[in-house]
Amino acid sequence: MSTPPDRQRIRQRTQDFLKTGSQFRLGELVTESANTTTYNLSELSQTDLPRALEVFKNVEFDALETLKEKEDVASELIESFEKCLNRGRRIFLCGCGATGRLALVLESVWRQAPREGFENSVIAFTAGGDYALVRSLGVFEDRPDLGAKHLLDLGFQNGDMLVAITEGGETPFVLGALDQATRTSDAMSWLLFCNPEGLLKKLVERSRLAIENPRVRSEGFEIEPMALTGSTRLQASSVLMAFVGICLRDLATRLKYQWLISELIDRVGQVVTPELQSLIEIESETHLRDEYTLHRSRSAAMAVLTDTTERAPTFCLVPFEAAQEGSAGDTPKAPSPVSRTYLEIPRTKTPKEAWRHLLRRDPRPFEKPPTIQAPEIGLNEIYQFDFSDGVASRRDLMGAKTTTEIDVEFLNETDATEKPTLLFRATSNFNGKALRHDVVSETSRDPLIRQCQMKFALNMQSTLAMGRIGRFHGNLMTFVRPTNGKLIDRALRTLRALAQEEARKNPDSKISKLVMTTDEEPFLDAIFEALDSVAPDEAVTLRALDLLRR
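In this text, all values refer to a predicted model and were calculated from it rather than measured experimentally.

A description of the pattern of salt bridges should follow, citing residues and the corresponding values.
What the rule picks out here adds up to 55 salt bridges. Of the charged contacts in the structure, one is a salt bridge between Arg217 and Glu219, with a shortest N-O distance of 2.9 Å. Here Glu219 falls in the buried class, since its relative accessible area comes to 13%. Linking Arg394 and Asp386 is a salt bridge whose minimum nitrogen-to-oxygen distance equals 3.5 Å. Comparing Arg394 with Asp386 shows no difference in burial state: the two are buried. Salt bridges here are not isolated pairs; linked through shared partners, they connect Arg25, Glu32, Asp489, Arg490, Arg493 and Glu520.

So what's going on with unusual backbone geometry? Which residues, and what values?
Phi is positive for Cys316, which is not a glycine, with a value near 55°. Phi is positive for Arg347, which is not a glycine, with a value near 65°. Note on placement: Arg347 falls in the loop between strand S7 (341–344) and helix H15 (351–359).

Could you give an account of the confidence of the model for the protein chain, naming the residues involved and the relevant values?
Residue-level pLDDT values for the protein chain average 91, and 97% of them are 70 or greater. Taken as a whole, residues 325–329 scores under 50 in pLDDT and shows twelve contacts with residues more than four places along the chain or in a different chain.

Requested: an account of the packing of aromatic side chains, with residues and values cited.
Under the counting rule described, the total for this entry stands at eleven aromatic pairs. Ring geometry for Phe221 versus Phe243: centroids 4.9 Å apart, planes at 65°, classification edge-to-face. With Phe221 in the loop between strand S5 (216–220) and helix H11 (235–253) and Phe243 in helix H11, this pair connects stretches of sequence that are 22 residues apart. No difference in accessibility class separates Phe221 from Phe243, as the two residues are buried.

Please give an account of the nonpolar core that cites residues and values.
Counting residues in each nonpolar core, the largest one holds 148 residues, and the members touching the most others are Leu162, Phe243 and Phe387. Here the element with the most residues in this core is H11; it accounts for twelve residues. Setting aside residues no more than four positions away along its own chain, Leu162 makes contact with Phe92, Leu93, Cys94, Phe125, Leu151, Phe156, Ala177, Leu178, Ala181, Ser189 and Trp190. In terms of nonpolar packing, the next biggest core, distinct from the first, is built from 26 residues, Val515, Ile527, Leu531 and Val540 among them.

For the pairing of strand S3 (residues 161–165), give the residues involved together with the corresponding values.
Most of S3 sits out of view: five of its five residues are buried. Residues Met161, Val163 and Ile165 point to one face of S3 and Leu162 and Ala164 to the other, with burial holding for every one of them. Examined bridge by bridge, S3 and strand S4 (residues 189–193) share three bridges and lie parallel to one another. Its bridge partner being in S4, Ala164 is matched across the sheet by Leu191.

Definitions and cut-offs
- Residues numbered from 1 in each chain as written.
- Predicted model: local features only at pLDDT ≥ 70, side-chain atom pairs only at ≥ 80, totals over all residues.
- Heavy atoms only, no water.
- Salt bridge = Lys/Arg side-chain N within 4 Å of Asp/Glu carboxyl O.
- Buried < 20%, exposed > 50% of the residue type's maximum accessible area, 1.4 Å probe, protein only.
- Helix = DSSP H or I, 4+ residues; strand = E, 2+ residues; numbered from the N terminus.
- pLDDT = per-residue confidence, 0-100.
- Contact = heavy atoms within 4.5 Å.
- Phe/Tyr/Trp six-rings, centres within 6.5 Å; stacked < 30°, edge-to-face > 60°.
- Core = buried A, V, L, I, M, F, W, Y, C linked by side-chain atoms within 4.5 Å.
- Pairing = 2+ DSSP bridges.

As structure tokens, this is what we get:
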């Protein structure tokens, strides 16, 4: 028997959001707006996959083209990097959610191919520390004080510089770290985002204060809306990752910005999109059959982990399960439910070895204050996510038998006699019938270009696979899990859009009367009631829509 909803608690959460929600009313920002060219992306992914691939690719290319206009800005940032290293200080990269994970990817790339003698000079962090590579932690993202604390905990000092990376330009955690950096160091801090600066200053007070801070050099990348409305893990984070990463590669190699941008766009174009169709179909079929996938990667593990982690909050999939306390490295029984996919890093024997291979350093946990109501996220909890050899057999013991394996690797990275390539290899066994499909694309010898190319391919593949199983509607994120203020506002706008669509079809319905008013309380009540009652992989906005019908 289901538990009756706690009406008093629901009403209190609604009132609390109405009091503070003005901080998160972001619907007018470009990064939260709907892209008119992808309005039917979910339908295309199900009925015309080649066309869906082309539409997605065009949105990505339009975003990357904006980088060509940023050569002067890149020169400034590279000069700031040079000054910082010449003073013997460190470069800090801060992000949150998708941009936090891209910051960690950039640190990993730097450690793979740094400027000689400066291996430890780039430090990346995100809300929740390295634990957030595996689990999104919305409870941390709305706290500027935690951004400031994390920066200082990492040893940020006078002379160090911070690059604050936030797709929308308004994330409280990132802006808190930025404010702390300007008060701690005499080096200029940088703030990078993907909205018009004037619009951001007009709509978000905390962003205006950051942009107008004389100790901050801000830069907006004016790209079109995301292929999936509000899903800044897509084009916004691609652009910011490419920009900061290429500036760091220039710093390490002296290769020029425009040359690297040109190669990046060329390589992204070489991801032969028609060949991705079978890969998308295989993974979506695995989901539809209620079966399990294993992603395996050694050379591209960070890119694969980032993409698979971000599917959970974006499409309301069960996140990666952790092993039980004290059982990492053995054959643990994880709590139900388990993730529909997992990552294995071949030829690693323990969780610690796998994590070190992933990050190219030991994990850095964030010591959360005791007043924060959140799961433990320390080093022990990080190591409970075991990516070492034997994932398939361990998950089999949990009842999650793998039927599809997707290997993702960079090949011939160092062999000068062979062209470097990017490989996807999907192997499936449906009802005893074995399937195998390879996608091979030429890639770059530069590690940053490879990572950006891989991110594009994974974004496209995972988004359209989710579209085929109904995990978004049109280009609306109907399955997003609203775990912080920004996502509650996005869920509210999505719910209103769905209600308006239904009201057009049935003008005499109860929902039709609701959408004719400006009253947000019934919609917020429905969202918070749905949050309390949905299953881990069920859509909050769709349950809320059903509640509004009653």
